Amino acid sequence: MLADEFAGVFDTETIERFLHSSYDQFGDRATVAQFLPLLAERFARQRLSALARIESTVDDGRPVVLFLCTHNAGRSQMALGFFRRLAGERAIAWSGGSEPGQEVNRSRWRP
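Rules used in this analysis
Residues numbered from 1 in each chain as written. Predicted model: local features only at pLDDT ≥ 70, side-chain atom pairs only at ≥ 80, totals over all residues. Heavy atoms only, no water. Salt bridge = Lys/Arg side-chain N within 4 Å of Asp/Glu carboxyl O. Helix = DSSP H or I, 4+ residues; strand = E, 2+ residues; numbered from the N terminus. 1 Å grid on protein atoms, 1.4 Å probe; cavity = no way out; pocket = protein on both sides within 12 Å on 5 of 7 lines; lining within 4 Å. Points joined across faces, edges and corners; volume = space filled by probe spheres on them. Nonpolar A, V, L, I, M, F, W, Y, C, P; charged D, E, K, R; others polar. Core = buried A, V, L, I, M, F, W, Y, C linked by side-chain atoms within 4.5 Å. Buried < 20%, exposed > 50% of the residue type's maximum accessible area, 1.4 Å probe, protein only. Contact = heavy atoms within 4.5 Å.

Q: Got a minute to help me understand the pattern of salt bridges in this structure?
A: Side chains that differ in charge, positive against negative, can pair when their charged atoms come close. Enumeration according to the criterion identifies 5 salt bridges in this entry. For the salt bridge of E5 with R45, the shortest nitrogen-to-oxygen distance reads 2.8 Å. Placement of the pair is E5 in helix 1 (residues 2-5) and R45 in helix 3 (residues 36-54), with a sequence separation of 40 residues. In this structure, R62 engages D60 in a salt bridge whose closest nitrogen and oxygen atoms are separated by 2.8 Å. Counted as one network, the salt bridges with shared partners bring together R53, D60, R62 and E89.

Put into structure tokens, the structure is as follows:
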């Protein structure tokens, strides 16, 4: 549970606010509502972890890597997957985009 995981780092109201806003971000576009709570919790956890690192309230010594591309619709996500596979738990990685796309960029896919 997020409250237990972030006890002493964030108060309950902050955790609930992040969880609700994460749910709202996915809820508008979800086609399968069954997984919304799980996705919202996972996204809230990532956001809270990032905020804790930025505010220097949590530091476990692992490096943090951000893979960024304009649309976050393929390249940065693939780089993130490869990095996580190779680094395992030795590092933390995220992907993002300055102008997130609505779907994966298929222009470079080959059948």
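Q: It is not clear to me how the layout of surface pockets should be interpreted in this structure. Could you clarify?
A: Gaps left between atoms show up when a probe the size of a water molecule is rolled over them. Computed from the structure, the second largest pocket encloses a volume of approximately 450 Å³. R45, S49, R62, I92 and W94 are, among the 19 residues lining the second largest pocket, the residues nearest its centre. Looking at the lining of the second largest pocket, the elements with two or more residues in it are helix 3 and strand 2 (92-97). No other element matches helix 3, which puts 6 residues into the lining of the second largest pocket. For the lining of the second largest pocket, the per-class residue count stands at 8 nonpolar, 3 polar and 8 charged.

Q: Quick question: what am I supposed to make of the nonpolar core here?
A: If you look at soluble globular proteins, the nonpolar side chains tend to sit buried side by side. Within the largest apolar cluster, 8 residues are counted, these being L2, F6, F10, I15, F18, A44, L48 and A52. Contributions of two or more residues to this core are made by helix 2 (12-27) and helix 3. Per-element accounting of this core gives the leading share, 3 residues, to helix 3. The contact partners of F6, leaving out residues within four places of it in the chain, are I15, R45, L48 and S49.

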